[in-house]
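# Chain and residue survey
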Amino acid sequence: MFGEISEQRVAGDIAPGLLTIDLKALAANYRALAARVAPARVAGVVKADAYGLGAARVAPALEAAGCRDFFVAQLSEALILKPLLNAGSRLYVLGGLLPGAEPACAQAGIIPVLNSLEQVAAWSRLARARGVELPALLQFDTGMSRFGLSPEDAALLTAELARLSGVRLLHVMSHLACADEPGCGQNADQLAAMARFAEGFPGVPLSFANSGGIFLGPAYHGALVRPGIALYGGAPTPGVANPMLPVVRLDVRVVQIRTVPAGARVGYGGTHVTAGERRLATIAAGYADGLPRALGDRGAAYHGTTRLPIAGRVSMDSLTLDITALPPGTLKPGSPVELIGPHQTLEALAADAGTIAYEILTGLGTRYHRVYR
Ligand SMILES: *Cc1c(COP(=O)(O)O)cnc(C)c1O
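Looking up the chain in an unreviewed UniProt entry gives the name Alanine racemase, with the organism given as Ancylobacter koreensis. Under the Function (unreviewed entry) heading, UniProt states for the chain: "Catalyzes the interconversion of L-alanine and D-alanine. May also act on other amino acids."

Below is the structure:
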């Protein structure tokens, strides 16, 4: 099972953990989504360092697959990413601009999502002061109470479109609160609210769907969809067969093996007490590497198809597996075990930790040796 990483032999020999990111699968996921939503276009959401996978590698790979629109959350992320993209690609800041950030944004050719009347006013003021048109997206709050103009603010804006003078609106947009739950009534409510908002801006194309939204059907696609997790191989609709190719694989090496008698205490707090003689393996990743403490006595690693349960609490830099199910000698110091891969999906690990794939990916940390394939 480790043949695919043997090419990284030297680094692999000293790396306690190995995070493999399959850029071919990423590109294939991009193309599959593009085929699904055509004629709508597919943007790449690469906020939070491309969900922890490395925006500097992920965004150019998406660009090579045909992506021309990229979303990050914060201006600081956009400023780092902008020089890595082709001049023809567009880069948007989802979270809006803090007061005073407008000149730096405009200077770098980055496109803000305007989320409030204040942000509209500041962007328009800058455009007029410079005597240029500045591009922007305009976001409406269709039911998340997070970002975007309220219905009242939107009404003020449509009654007084001069507030947008100097602003070239590329898209009107909104975001779904429960797109990953097809049965959630809020999806249709938000779609209807989006349609009402959009009436005030005839001819401006829509951007609405995230990964889950794409799979709610064409009514949700608009002109530009904004997947993140699906590009990275996460399930767009948890509980339904995942149509995306896996992008992430995580293997962590065993650093020590021991056999303990019945009644041995394992880990901090001595919470895990062995019921009989057990063989235990300590592996070199813990909660500082994004394996949440909530996995203690719940989660597992895999060796092939064999489940190796986590025994006791997860430490900062290590955790302990019960490997009694494997024939003695199967694992040795240096042997890898699978945390995310063909036998344990990202969703399965997240579920054991009581969280979602997004939080696992964005928390993976910086200590793994990363291999981009
Ligand atoms: C993060 C985000 C996305 C991407 O969401 P996924 O569920 O990862 O596809 C799209 N739009 C907005 C506004 C977001 O904040």
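The structure having been displayed, the exposition proceeds.
### Side note on the site of the ligand
Around the ligand lies a shell of 13 residues, among which K47, Y51, S211, G228 and Y358 are the nearest. Interatomic distance of 2.7 Å between a side-chain N/O atom of K47 and an oxygen atom of the ligand. In this structure, an oxygen atom belonging to the ligand sits 2.5 Å away from a side-chain N or O atom of S211. Its free accessible area being 390 Å², the ligand has 94% of it covered by the protein chains. Here the residues of the shell around the ligand sort into six nonpolar, four polar and three charged.

### What about the pattern of salt bridges?
Once their charged atoms are close, side chains differing in charge can pair, the charge on each being opposite to the other. Within the structure shown, the criterion is met by nine salt bridges. The shortest N-O distance in the salt bridge between D22 and R373 comes to 3.8 Å. With D22 in the loop between strand 1 (17-21) and helix 2 (23-37) and R373 in the segment after strand 19 (369-372), this residue pair connects regions lying 351 residues apart in the sequence. Accessibility expressed as a relative area gives 18% for D22, which makes it buried. Of the charged contacts in the structure, one is a salt bridge between R163 and E160, with a shortest N-O distance of 3.6 Å. For R163, a relative accessible area of 30% gives the class partly exposed.

### Describing helix 2
Look at helix 2: 21 Å from first C-alpha to last across 15 residues, which is about the 21 Å you get at 1.5 Å a residue. Within helix 2 the residues assigned to the buried category are L23, A25, L26, A27, N29, Y30, L33 and V37. If you follow the buried residues of helix 2, they end up packed against strand 1, strand 2 (41-42), helix 4 (55-64), helix 10 (211-214), strand 10 (224-225) and strand 19. The opening residue of helix 2 is D22, an N-cap whose side-chain oxygen sits 3.0 Å from the backbone nitrogen of K24.

### Concerning the sheet that holds strand 8 (residues 167-173)
Read across the open sheet, the seven strands follow the order 3-4-5-6-7-8-9; overall the sheet is parallel. Two strands in the sheet have a free side with no partner beyond their single neighbour: strand 3 (44-45) and strand 9 (206-207). Sheet analysis places strand 8 next to strand 9, joined by two bridges and oriented parallel. Bridging across to strand 9, M173 finds its partner in S207.

### Re the domain arrangement of the chain
Here the chain is described as being made up of domain 1 (23-225) and domain 2 (248-372). The straight-line distance from the C-alpha centre of domain 1 to that of domain 2 is 38 Å. Taken together, the contacts link seven residues of domain 1 with six residues of domain 2. Of the roughly 700 Å² buried at the junction of domain 1 and domain 2 (both faces included), carbon and sulfur atoms supply 65%. The tally of links from domain 1 across to domain 2 stands at zero salt bridges. On the surface where domain 1 and domain 2 come into contact, there are three residue pairs in polar contact (both at pLDDT 80 or more). Its residues placed into classes, the side of domain 1 that touches domain 2 shows four nonpolar, two polar and one charged.

### Observations concerning the UniProt feature "domain: Alanine racemase C-terminal" (unreviewed entry) in the chain
In this structure's numbering, the residues bearing the UniProt feature "domain: Alanine racemase C-terminal" (unreviewed entry) are residues 247-373. Helix makes up 10% of residues 247-373 and strand makes up 35%, while its end C-alpha atoms are separated by 10 Å.

### Points about the environment of C67
Topologically, C67 is positioned in the loop between helix 4 and strand 4 (69-72). A sequence separation of 221 residues divides C67 from A288, and the C-alpha atoms of the two residues are 33 Å apart. If sequence neighbours within four positions are ignored, C67 has contacts with Y30, V42, A43, G44, L62 and S89.

### Quick notes on the packing of aromatic side chains
The tally for this structure, following the rule as stated, stands at six aromatic pairs. The interplanar angle of 35° and the centroid separation of 5.7 Å between the aromatic rings of F140 and F201 together place this pair among those described as tilted. One end of the pair, F140, is in the loop between strand 7 (134-139) and helix 8 (151-159); the other, F201, is in the loop between helix 9 (186-199) and strand 9, and 61 residues separate them in sequence. For the residue pair F140 and F201, the accessibility class agrees, reading buried in each case. Arranged with centres 6.1 Å apart and planes meeting at 5°, the rings of F208 and Y220 form a pair that is stacked. Note that F208 is positioned in the loop between strand 9 and helix 10 and Y220 in the loop between helix 10 and strand 10, a separation of 12 residues in sequence. The exposure class assigned to F208 is buried, which follows from its relative accessible area of 1%. One aromatic cluster is present, built from ring pairs that chain together Y51, Y232 and Y358. Between the NZ or CZ atom of R226 and the centre of the ring of F71, over which it lies, the distance is 5.9 Å.

### A word on the pairing of strand 7
Taken residue by residue, a regular strand's side chains alternate between the two faces of the sheet. Summarising burial for strand 7: six of the six residues are buried, a large majority. In strand 7, alternate side chains face the same way, and those of L134, A136 and L138 on one face and P135, L137 and Q139 on the other are all buried. Across six bridges, the pairing between strand 7 and strand 8 is parallel. Looking at the pairing, A136 lines up with L169 of strand 8. Following the chain from strand 7 across helix 8 to the adjacent parallel strand 8, one finds a crossover that is right-handed.

Reading the values: the criteria
- Numbering of residues begins from 1 in every chain and follows the order in which that chain's sequence is written.
- Note on the predicted model: pLDDT of at least 70 is required for a residue's local features to be given, and 80 or more for side-chain atom pairs to be given and counted; whole-chain, interface and lining totals, by contrast, use all residues.
- Computation of side-chain values: all heavy atoms of the structure, hydrogens and water removed.
- UniProt positions are given in the numbering used here, feature names are shortened, and annotations may be inferred rather than shown by experiment.
- Think of it this way: one heavy atom of a residue within 4 Å of a molecule or strand is enough to make that residue near it.
- Counted as a polar contact is a pair of N or O atoms within 3.5 Å, where, for protein atoms, one must be capable of donating a hydrogen and the other of accepting one, and residues adjacent in sequence contribute only when both atoms are in side chains.
- Note on areas: Shrake-Rupley, 1.4 Å probe, and residue coverage restricted to the protein chains presented here.
- Gly counts as polar in this scheme, as do all residues outside two lists: the nonpolar Ala, Val, Leu, Ile, Met, Phe, Trp, Tyr, Cys and Pro, and the charged Asp, Glu, Lys and Arg.
- Any carboxyl oxygen of Asp or Glu that lies within 4 Å of a side-chain nitrogen of Lys or Arg is treated as forming a salt bridge with it.
- Each helix is a run of DSSP H or I of at least 4 residues and each strand a run of E of at least 2, with the numbering of both proceeding from the N terminus.
- Each residue's exposure class comes from its accessible area (1.4 Å probe, protein chains only) as a fraction of the maximum for that residue type: buried when under 20%, exposed when over 50%, partly exposed otherwise.
- Each helix should span, by expectation, one fewer than its residue count multiplied by 1.5 Å.
- Whether two residues are in contact is decided by their heavy atoms: any pair within 4.5 Å suffices.
- For two strands to be treated as a pair, DSSP must find at least two bridges joining them.
- Segmentation of the chain into domains, including their bounds, is taken from an automatic or database domain assignment.
- What counts as buried area is the accessible surface, traced by a 1.4 Å probe, that two parts surrender upon association, with contributions from both included.
- The rule is short: rings of Phe, Tyr and Trp, with Trp giving its six-membered ring, pair when the centres are within 6.5 Å, and they are stacked under 30 degrees, edge-to-face over 60, tilted in between.
- Either the NZ atom of lysine or the CZ atom of arginine qualifies as a charge over a ring when it sits within 6 Å of the ring centre and within 35 degrees of the ring normal.
- Crossovers are described as right-handed under a simple rule: with the strands pointing away from the observer, the path leading from the first strand over the helix to the second runs clockwise.

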